[in-house]
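One letter stands for each residue in the lines below.
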Protein chains: 2
Amino acid sequence: MTESDLPVAHLTPGRWGDPNHQVEVPQAALDALKHLGVRRPPAHPAQPQPEPDRPGLSADQLSFLVSVLGEQYVSTDVDIRWAHTRGYSTTDLLRFRANDRSDMPDAVIFPGTHEEVLGLLAGCGEHGLAVVPYSGGTSVVGGLAANRRFVTVDLRRLDQLTELDEVSRTAIFQAGVRGTAAEKLLADRGYTLGHFPQSYEGASIGGYAAARSSGQSSAGYGRFDQMVVGLTLATPRGTIKLGRAPMSAAGPDLRQLVLGSEGAFGIITEVVVRVRPRPTERHFEGWRFDNFAAGLTAVRRLAQDGPLPTVLRLSDEVETAVNLADPDVLGGGSGGALAIIGCDGPYNQATADVLTDAGGQNLGEGPGETWRVGRYRAPYLRDPLLDEGALVETLETAAFWSRIPALKSAVTEALVDALKDTPPLVLCHISHVYETGASLYLTVVCAQTGNPVEQWRTAKRAASQAIADAGGTISHHHGVGTDHRDAYETEIGPLAVEALKAVKHTLDPDGVLNPGILLS
Amino acid sequence: MTESDLPVAHLTPGRWGDPNHQVEVPQAALDALKHLGVRRPPAHPAQPQPEPDRPGLSADQLSFLVSVLGEQYVSTDVDIRWAHTRGYSTTDLLRFRANDRSDMPDAVIFPGTHEEVLGLLAGCGEHGLAVVPYSGGTSVVGGLAANRRFVTVDLRRLDQLTELDEVSRTAIFQAGVRGTAAEKLLADRGYTLGHFPQSYEGASIGGYAAARSSGQSSAGYGRFDQMVVGLTLATPRGTIKLGRAPMSAAGPDLRQLVLGSEGAFGIITEVVVRVRPRPTERHFEGWRFDNFAAGLTAVRRLAQDGPLPTVLRLSDEVETAVNLADPDVLGGGSGGALAIIGCDGPYNQATADVLTDAGGQNLGEGPGETWRVGRYRAPYLRDPLLDEGALVETLETAAFWSRIPALKSAVTEALVDALKDTPPLVLCHISHVYETGASLYLTVVCAQTGNPVEQWRTAKRAASQAIADAGGTISHHHGVGTDHRDAYETEIGPLAVEALKAVKHTLDPDGVLNPGILLS
């Protein structure tokens, strides 16, 4: 494979997304950053450093890979390996900028079939190879950084919609199909998956499943793990195929054991998902509430008593103010807390009535359309913000409704306290709701110190402890990776960790799969 | 404990339900049975047989149990043990009638706290005891018949609603709370769980969770596994507590590993469930379709495009005819396929419009109310039918919509073929629907042979094979127990079985928990 075959998201390694869609930071935002003490750092252009002195794959290992996949699908090219290094957390980007090549894979391989993945995994133990499954490369939790030398298994050649059952409304996708490609393939037949995470342009079906992705339309379409009705998993010991019915009482739901396993139990090669007819119209509106608490009550009412819209987001006062400071990003309104309500299908008056009744003020389609148009843009802003000397990162959690206010306060306070030398702006929104609770998504912006990687680690550690203490989960939709591993193990407890390790040891006795990811 | 403390459902061991609510078989049904060759067998009144010659618990074992629970909560009384023997499959009832005491527990114990359950499990290995968790005792898949001598752990003393969070709409129930008691406790506060399986009068919260129960209002309230947001599991190696948020991306959803584990991984002592405001009105209607295929299309439209009612059932032509033969059981209509549509809350005209558009004829509230009033009665009919010499049993499965028609035919044909010496009546209905598929529930009635246990086993084996071949799951809501164990292991495959056994071995290294249930 040559670099020109690489997906768009990696044409500029270490910067988010399509280089043709890079955005500039609005002047108003730049001005605001000055108040945070953000100063553009002295230019130190990224110089590709020589590869660290390390042995690379042995001739025997290479020959094994070539025997399974064919020569053209095994690459040790340094540019391709560099483009497959880590994911897209801010820490990843900072280390990318520093040309830190410590997590670079030793080879990148491109299997074309489930059987090739099986053959690969079956032989990796014997050949002393660890593998990191890679579909979109959009992990923001260190999900691509194995703790020993490894081969990255890029699944892009598994790019087919292999079956569409229009009676059952299910589609079988190979794991490497990108979100955008999946929607295109379904749209051609009149259907949609309805899964639109912020990584939509880069992430793929297998990654959605492996990391329990949740998209912007989750109120209407559910999380990705709720869309999955079947899975095929390749493990070093063979295939597991799950899902003979939408639901079953035949034992534990093993699909839910594979979903979220982040490549530690096997490589998901195929996913059966529920699809829906493509909507013929969509409506997006902005709604203003006097404050976050009032908006929270409103969105809880919708989540509990309906009718739920397709998209339901509520920004707190700080996020509302920041977004409104840039009319191009999110115009309209006048302070308070901004909600974005999106509906697939006819305009949903009943939802609007609930919002009005709960004190909401309809701002019309303007802010809704602005959000819709810009909804994949936020991660693009991070790169120029880093260039400007700002530290920008997000984190997220979820909890039951009664814990949400205290959880939000506790995490915000922990961040402010941990970053007191570079006072941060902490923005928060709710973007995924359930009858019993919701997610919280926080964005942190402050001035970079001389060691921004360590700066963020300290802040993140404080936030994670606050989440644990306030009864939240360490991740609502980003996953565990390496960044959340310790907090995750604390969250589920040592006995549950042992049970998961027993599963891993059964399926992956040689520890070939994603070593260090999910489980220590 | 004395027999008077036993729950209603066991006052008449080996007969379903409350003895005050026993029903008689309608004369029309008795006449119909004659056409199937059903003849009342010669009376052989049930004589309690002496207990088989076996050693019982050792003094050391008894003393261990007493040390953990106190003397008054450890019973070796033969009547209490007999009342805890097996569940309520037809095979169980037949063996009960034959005074087959082979699966009788050696003691029945009644822990009162999670800590007592923990203490019990921690010591069982050392004392050579196996335990069978028992909450409602309503298993119909051999879920209470361990493959070696055992102590039954009756959870009835765990009978509290320990927390109701009205903001999050969650309730924490101890595992031994009966379905009826749970509804009563919630109704006092204005809420409902909305879970009404046919075992509602006898089953309990812990059993619902352990066996992935699904109730008659599943279209509106979901399955029990969809209501659970948290769980506490006591294992021989300690406690696992799960569920810090409605949903999480922090690894696999371990709640879904415990749900359906049928006591093989631990004893569920506490369940956190989503609750909803109690509806102020309910509507039930009958709808007639020309045939099952037309009804199937209609219910699929509701399941896929909505609006879903709360209760959605569709009987095939045979079940419709049989039910209509007895106007007291289900009156009105004139052949075809009968659907029962129930709505909590205001009358749902939009649902009615879909049904009309799909060719349905509204039969009004008569058949709906008749169904509602009699909806827990069907299992009561089985006892007098067995008295009359009929073999009556049910089985169920689920599959994706496109497979439903062929699956229904295949299972029916398999049953008819396997029972060709005693030609059966096979009734079928759909009672649980999803966007991508539905359940099928079949009732079989035929004349008993001289060995009805073996007669049913042969038929069930044929039906199970047909289900596997036609792409269904071995159980949509009855569970695995011992009856479905082989089919279950085939369904998920040997590698998944190994993974589950690894989990079991981790949590239960001495094989104390429900040996032989779920996993071989």
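In this numbering scheme, every chain counts its residues from 1 along its sequence in written order. In the order they appear in the text, chains get letters beginning with A and ligands get numbers beginning with 1. Residue-level local features of this predicted model are given only where pLDDT is at least 70; pairs of side-chain atoms are given and counted only at 80 or more, and the full residue set underlies all totals for whole chains, interfaces and linings. Computation of side-chain values: all heavy atoms of the structure, hydrogens and water removed.

Caption draft 1: Looking closely at the overall build of chain A. Broken down by element type, chain A carries 19 helices and 18 strands. Within chain A, the proportion of its 520 residues that are buried is 63%. A fraction of 75% describes how many contacts in chain A between residues 6 or more apart in sequence connect residues 24 or more apart. For chain A, the exposed area adds up to about 18,300 Å²; of that, 51% sits on carbon and sulfur atoms. Counted as positive: Lys and Arg. Counted as negative: Asp and Glu, with His and the chain ends omitted from the count. We put the charge of a Lys on NZ, of an Arg on CZ, of an Asp on CG and of a Glu on CD. Between the mean site of the 45 positive side-chain charges and the mean site of the 62 negative ones, chain A shows a separation of 1 Å. Each helix is a run of DSSP H or I of at least 4 residues and each strand a run of E of at least 2, with the numbering of both proceeding from the N terminus. Under the scheme applied here, a residue whose accessible area is under 20% of the maximum for its type counts as buried, over 50% as exposed, and between as partly exposed, the area being computed with a 1.4 Å probe on protein chains only. Residue contacts are defined here by distance: any two heavy atoms, one from each residue, within 4.5 Å place the two residues in contact. Accessible surface is estimated by sampling points in the Shrake-Rupley manner with a 1.4 Å probe; for residues, cover comes only from the protein chains shown.

Caption draft 2: Highlighting the environment of A:Glu319. All names here are of chain A. With respect to the helices and strands, Glu319 occurs in helix α12 (residues 317-325). Each C-alpha atom, one on Glu319 and one on Gly251, is 44 Å from the other, the two residues being 68 residues apart in sequence. Not counting residues up to four positions away in its chain, the partners in contact with Glu319 are Leu427, Cys428 and His429. What qualifies as a polar contact is a pair of N or O atoms within 3.5 Å, subject to a donor-acceptor requirement within protein and to the restriction that residues adjacent in sequence count only when both atoms come from side chains. Within the structure, the side chain of Glu319 is placed 2.7 Å from the side chain of Ser315, a separation counted as a polar contact.

Caption draft 3: Expanded view of the packing of helix α4 (residues 90-97) of chain B against helix α17 (residues 452-469) of chain B. All names here are of chain B. For the pair α4 and α17, the least separation of the axes is 9 Å and the interaxial angle reads 165°. Considered as vectors, α4 and α17 are oriented roughly antiparallel to each other. As α4 packs across α17, the resulting crossing turns out to be left-handed. Facing Thr91, Leu94 and Arg95 of α4, the residues of α17 in contact are Pro452, Val453, Trp456 and Arg457. Under the convention adopted here, Pro, Cys and the residues Ala, Val, Leu, Ile, Met, Phe, Trp and Tyr are nonpolar, Asp, Glu, Lys and Arg are charged, and Gly plus all remaining residues are polar. In terms of residue class, the contact of α4 with α17 is built from four nonpolar, one polar and two charged. The angle between two axes is taken between their N-to-C directions and runs from 0 to 180 degrees, where each axis is a line fitted to C-alpha atoms and a helix contributes only its stretch in contact. Oblique is the label for any angle not covered by the other classes, which are roughly parallel (under 35 degrees), roughly antiparallel (over 145) and roughly perpendicular (65 to 115). Handedness of each helix crossing follows the sense of rotation of the near helix against the far helix: counterclockwise by less than a right angle gives left-handed, clockwise gives right-handed.

Caption draft 4: Focus on the relation of the copies chain B and chain A. For this overlay, a least-squares fit was computed on C-alpha atoms, restricted to residues scoring pLDDT of at least 70 in both copies. The two copies are related by a screw operation: chain B maps onto chain A through 180° of rotation and 0.0 Å of translation along the axis, at an RMSD of 0.0 Å. The superposition of one copy onto the other is thereby described by a two-fold rotation axis. Minimal C-alpha separation from the rotation axis in chain B is found for B:Ala502, amounting to 2.7 Å. Comparing interface residues between copies, 100% of those in chain B also sit at the interface in chain A, which points to an isologous, same-surface contact.

Caption draft 5: Fine view of the nonpolar core. Nonpolar cores were defined as sets of buried Ala, Val, Leu, Ile, Met, Phe, Trp, Tyr and Cys residues, with membership established by side-chain atoms within 4.5 Å. Core analysis: the largest hydrophobic core is formed by 100 residues, its most contacted members being A:Phe224 and B:Phe224. If we ignore the near neighbours within four places in the chain, the residues touching B:Phe224 are B:Leu193, B:His195, B:Ile205, B:Tyr208, B:Ala209, B:Ser213, B:Val271 and B:Val273.

Caption draft 6: Fine view of the interface of chain B and chain A. Of the residues lining the interface, 77 residues belong to chain B; the matching set on chain A comes to 77 residues. Buried area, as used here, totals the accessible surface that two parts lose on assembly, with accessibility defined by a 1.4 Å probe and the loss added over both. Summed over both partners, the interface of chain B with chain A comes to about 5,800 Å²; 62% of that surface belongs to carbon and sulfur atoms. By definition here, a salt bridge exists when the distance from a side-chain nitrogen of Lys or Arg to a carboxyl oxygen of Asp or Glu is within 4 Å. Taken together, the connections running from chain B to chain A amount to eight salt bridges. Residues B:Arg274 and A:Glu435 are paired through a salt bridge, measuring 3.6 Å at the closest nitrogen-oxygen approach.

Caption draft 7: Structural context of the confidence of the model for chain A. Residue and element names in this part refer to chain A. A residue's pLDDT is the predictor's confidence in that residue, given on a scale from 0 to 100. Per-residue confidence for chain A gives a mean pLDDT of 92; residues scoring 70 or more make up 93%. A low-confidence stretch, residues 1-11 stays under pLDDT 50, and its non-local contacts, those more than four residues away or across chains, total 28 contacts. Here residues 327-333 is a poorly scored stretch, pLDDT under 50, and it has 19 contacts once near neighbours within four places are set aside; other chains count. Interface scoring of the predicted complex returns ipTM 0.95; its pTM is 0.95.

Caption draft 8: Here's a closer look at the packing of aromatic side chains. Residue and element names in this part refer to chain A. Pairing of aromatic side chains requires ring centres within 6.5 Å, counting the rings of Phe and Tyr and the six-membered ring of Trp. Pairs whose planes differ by under 30 degrees are stacked, by over 60 edge-to-face, and all others tilted. Applying the stated rule across the entire model yields twelve aromatic pairs over all chains. An aromatic cluster is defined as three or more aromatic residues linked by ring pairs; in this entry it consists of Phe196, Tyr200 and Tyr376. Think of it as a cone above the ring: NZ of Lys or CZ of Arg counts as a charge over the ring if it is within 6 Å of the ring centre and within 35 degrees of the ring normal. Taking the ring centre of Trp82 as reference, the NZ or CZ of Arg101 above it sits at 4.1 Å. Over the ring of Tyr73 we find Arg157, and its NZ or CZ is 3.3 Å from the ring centre.

Caption draft 9: Representation of the pattern of salt bridges within the structure. A full pass over the atoms with the stated rule returns 56 salt bridges over all chains. With its nearest N and O atoms 2.8 Å apart, the salt bridge here joins B:Asp305 to A:Arg169. On the criterion of chain membership, the pair formed by B:Asp305 in helix α11 (residues 292-305) and A:Arg169 in the loop between β5 (161-165) and β6 (170-174) is interchain, its members lying in two chains. Among the residues examined, A:Arg169 registers a relative accessible area of 10% and is labelled buried. Residues joined in a network through salt bridges with shared partners are A:Arg15, A:Arg97, A:Asp383 and A:Asp387.

Caption draft 10: Highlighting the pairing of strand β13 (residues 311-315) of chain A. Residue and element names in this part refer to chain A. The buried fraction of β13 amounts to five of the five residues, a majority that puts the element mostly inside the structure. Burial along β13 is two-sided: the face carrying Val311, Arg313 and Ser315 and the face carrying Leu312 and Leu314 are both buried. Paired strands, as defined in this entry, are two strands with at least two bridges between them according to DSSP. Here β13 runs beside strand β14 (residues 337-344); their pairing, made up of four bridges, is antiparallel. Paired with Leu312 across the two strands is Ile341, which belongs to β14. In the sheet, β13 pairs with strand β17 (residues 425-430) via two bridges, with the strands oriented antiparallel. Across the sheet, Leu314 pairs through a bridge with Ile430, a residue of β17.

Caption draft 11: Structural detail: the sheet that holds strand β5 (residues 161-165) of chain B. Residue and element names in this part refer to chain B. Reading across the sheet, the five strands line up as β5-β6-β10-β8-β9 and stay open at both edges, with antiparallel pairing between neighbours. Edge strands, defined here as strands with exactly one partner in the open sheet, are β5 and β9 (238-242). In this sheet, neighbouring strand axes are inclined to one another by 10° on average, regardless of whether the strands run parallel or antiparallel. In the sheet, strand β8 (residues 228-235) pairs with strand β10 (residues 267-274) via six bridges, with the strands oriented antiparallel. What sits directly across from Leu231, in β10, is Val271. The sheet contacts of helix α6 (residues 179-187) involve β5 and β6 (170-174), and relative to β6 the element is tilted by about 140°.

Caption draft 12: Layout of helix α17 (residues 452-469) of chain A. Residue and element names in this part refer to chain A. Expected span, for any helix, means 1.5 Å times one less than how many residues it has. For α17, built from 18 residues, the straight-helix expectation of 26 Å at 1.5 Å per residue is met to within 8% by its first-to-last C-alpha distance of 26 Å. Here α17 has its buried residues at Pro452, Val453, Gln455, Trp456, Ala459, Lys460, Ala463, Ser464, Ala466 and Ile467. Viewed end-on, α17 has its buried residues packed into an arc of 160°, placing them on one side of the element. Seen from the open side of α17, the exposed residues pointing more than 90 degrees away from its buried face are Arg461 and Asp469. Looking at the packing, one finds that the buried side of α17 touches α4 (90-97), β16 (390-400), α16 (404-418) and β18 (437-447). Just downstream of α17, Gly471 is the residue with a positive phi angle, here 85°. Each C-beta atom gives one direction from the helix axis, and the arc is the one those directions make.

Caption draft 13: Region of the structure containing the packing of α16(A) against α17(A). All names here are of chain A. Across the interface, α16 lies against α17 with an axial gap of 8 Å and an inter-helix angle of 155°. Classified by the interaxial angle, the pair formed by α16 and α17 is roughly antiparallel. With respect to the hand of their crossing, α16 and α17 are arranged in right-handed fashion. Between α16 and α17, the contacting residues are Leu407, Ala410, Val411, Ala414, Leu415 and Ala418 on the first element and Trp456, Thr458, Ala459, Ala462, Ala463, Ala466 and Ile467 on the second. For the contact of α16 with α17, the class distribution of residues is twelve nonpolar, one polar and no charged.

Caption draft 14: Quick peek at the side chain of A:His484. All names here are of chain A. One can find His484 in the loop between α17 and α18 (485-492). At 2.6 Å, the side chain of His484 and the side chain of Lys460 are in polar contact. If sequence neighbours within four positions are ignored, His484 has contacts with Val141, Lys460, Ile474, Ser475 and Gly479.

Caption draft 15: Inspection of unusual backbone geometry at higher detail. Between A:Gly306 and the following residue, A:Pro307, the backbone shows a cis peptide bond with an omega angle of -5°. Here A:Pro307 lies in the loop between α11 (292-305) and β13. A positive phi angle, close to 55°, is found at A:Asn99, a residue other than glycine. Mapped onto the elements, A:Asn99 comes out in the loop between α4 and β2 (107-109). At B:Arg86, a position not held by glycine, the phi torsion is positive, near 60°. Mapped onto the fold, B:Arg86 is located in the loop between α3 (78-83) and α4.

Caption draft 16: Representation of helix α13 (residues 349-357) of chain B. All names here are of chain B. Listing the buried residues of α13 in full gives Thr351, Ala352, Val354 and Leu355. Projected onto a plane normal to the axis of α13, the buried residues spread over an arc of 160° and lie on a single side. Close packing links the buried residues of α13 with β12 (282-289), α11 and β14 (337-344). Of the residues flanking the end of α13, it is Gly359, one or two places downstream, whose phi is positive at about 95°.

Caption draft 17: Highlighting the sheet that holds strand β3 (residues 130-134) of chain B. All names here are of chain B. Spatially, the four strands line up as an open sheet ordered β1-β2-β4-β3, and their pairing is mixed. Lying at the two open borders of the sheet, with one neighbouring strand each, are β1 (74-75) and β3. Looking at chain direction, strand β2 (residues 107-109) and strand β4 (residues 150-154) are connected through three bridges and run parallel. Along β4, the bridge assignment pairs Ala107 with Val151.

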